[in-house]
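# Observations on the model geometry
This is what each chain is made of:
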Amino acid sequence: KVLARDKETHRVVQYLLIHESANDLDVYMLGIHNISSTIREALKYGYKIKKKHSGVLWNRRTTYYMETIK
């Protein structure tokens, strides 16, 4: 795959493969500024990254995880 060319997408995919989930702080520490476009790029390569919200609106936490293929 050509994923190695897009470094941000590669970082997110590798992190999710190793750690299974990432929160907003993890994404920030990876140096990703626009996570929505990074997720769109990962979808083009066939990776299914989902996000889940928890908490109330003013204290919302977003968790990103990769949908497992069975």
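Treat the numbers as computed from the prediction; the structure is a model and nothing was measured.

For the rest of this paragraph, the subject is the pairing of strand 3 (residues 61-66). Alternating positions in strand 3 separate cleanly, Thr62, Tyr64 and Met66 being buried on one face and Arg61, Thr63 and Tyr65 remaining unburied on the opposite face. Of the pairings in the sheet, the one linking strand 1 (residues 21-23) to strand 3 comprises 3 bridges and is antiparallel in character. Paired with serine 21 across the bridge in strand 3 is tyrosine 65. In terms of strand pairing, strand 2 (residues 49-54) meets strand 3 through 6 bridges, oriented antiparallel. Within strand 3, the residue paired with lysine 52 across the bridge is threonine 63. Linkage of strand 2 to strand 3, two consecutive antiparallel strands, is achieved through a turn of 6 residues, within which glycine 55 is found at a positive phi near 95°.

We now examine a nonpolar patch on the surface. Taken together, the side chains of Leu25, Tyr28 and Met29 present a nonpolar region at the surface, about 410 Å² in accessible area. Looking at the element boundaries, methionine 29 is found in helix 2 (residues 24-29). Judged by relative accessible area, which is 64%, methionine 29 ranks as exposed.

Rules behind the numbers
- Residues numbered from 1 in each chain as written.
- Predicted model: local features only at pLDDT ≥ 70, side-chain atom pairs only at ≥ 80, totals over all residues.
- Heavy atoms only, no water.
- Buried < 20%, exposed > 50% of the residue type's maximum accessible area, 1.4 Å probe, protein only.
- Helix = DSSP H or I, 4+ residues; strand = E, 2+ residues; numbered from the N terminus.
- Pairing = 2+ DSSP bridges.
- Patch = residues over 30% accessible without salt bridge, like charges linked within 9 Å, V, L, I, M, F, W, Y side chains within 5 Å.
- Areas by Shrake-Rupley, 256 points an atom, 1.4 Å probe, with all protein chains shown as cover.
- Salt bridge = Lys/Arg side-chain N within 4 Å of Asp/Glu carboxyl O.

So far we have only geometry, and geometry alone does not tell us how the molecule works.
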